[in-house]
Amino acid sequence: MDIARALEFCRTHHHAVLATRRRDGAPQLSPVTVTSDDAGRLLVSTRETAMKVHNLRRDPRAWLCAFTDRFYGDWVQVEGRVEIVSLPEAMDLLVEYYRLAAGEHPDWDDYRAAMVRERRCVLVITPERAGPTVSG
């Protein structure tokens, strides 16, 4: 599978598991909501205090497996480098993320206030490899 197809899959299938590396090198897995933007990146919203953010500040590589709502069926795996965009710079990106993953919010002022209150940031993943390339 090429990266473009994986990005398109994530544009319409938002359930995923994100893997980062702990300090000892072991994987740390987190269920996340993912989407892709027009710039060819994957976007994930999370809290600044989350372990995945701590892990990514130390080692900015991530692996993501996205799947359909049914869980079984089609899926993609993407790996790449991650940029952490924090508030206040993250606000426009958080709005874009919400629109891509869920549509229009009924109260954007309330949404923005919640993003500040929850200390949200955006993980911006630049895909370097996508799969699967074979099936078993």
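Residues numbered from 1 in each chain as written. Predicted model: local features only at pLDDT ≥ 70, side-chain atom pairs only at ≥ 80, totals over all residues. Heavy atoms only, no water.

1. Quick look at unusual backbone geometry
Between Leu 87 and the following residue, Pro 88, the backbone shows a cis peptide bond with an omega angle of 5 degrees. Mapped onto the elements, Pro 88 comes out in the loop between β5 (75-86) and α3 (91-102). Residue Gly 131 is joined to Pro 132 through a cis peptide bond whose omega torsion reads 10 degrees. Topologically, Pro 132 is positioned in the segment after β6 (120-131). Phi angles above zero are rare outside glycine, and Phe 71 is one such case at about 75 degrees. (Helix = DSSP H or I, 4+ residues; strand = E, 2+ residues; numbered from the N terminus.)

2. Let's talk about the environment of Arg 58
With respect to the element layout, Arg 58 can be found in helix α2 (residues 51-58). Accessibility expressed as a relative area gives 34% for Arg 58, which makes it partly exposed. Ignoring any residue separated from it by four or fewer positions in sequence, one finds Arg 58 in contact with Arg 21, Arg 22 and Arg 23. (Buried < 20%, exposed > 50% of the residue type's maximum accessible area, 1.4 Å probe, protein only. Contact = heavy atoms within 4.5 Å.)

3. Quick notes on the nonpolar core
Counting 24 residues, the largest nonpolar core has Cys 10, Leu 18, Val 34, Leu 42, Leu 64, Ala 66 and Leu 123 as the members making the most contacts within it. Sequence-distant contacts of Val 34, defined by excluding residues within four places in its chain, comprise Cys 10, His 13, His 14, Ala 16, Leu 42, Leu 43, Val 44, Leu 64 and Ala 66. The next biggest cluster of nonpolar side chains, apart from the first, holds 14 residues, and it includes Leu 43, Ala 90, Tyr 111 and Ala 114. (Core = buried A, V, L, I, M, F, W, Y, C linked by side-chain atoms within 4.5 Å.)

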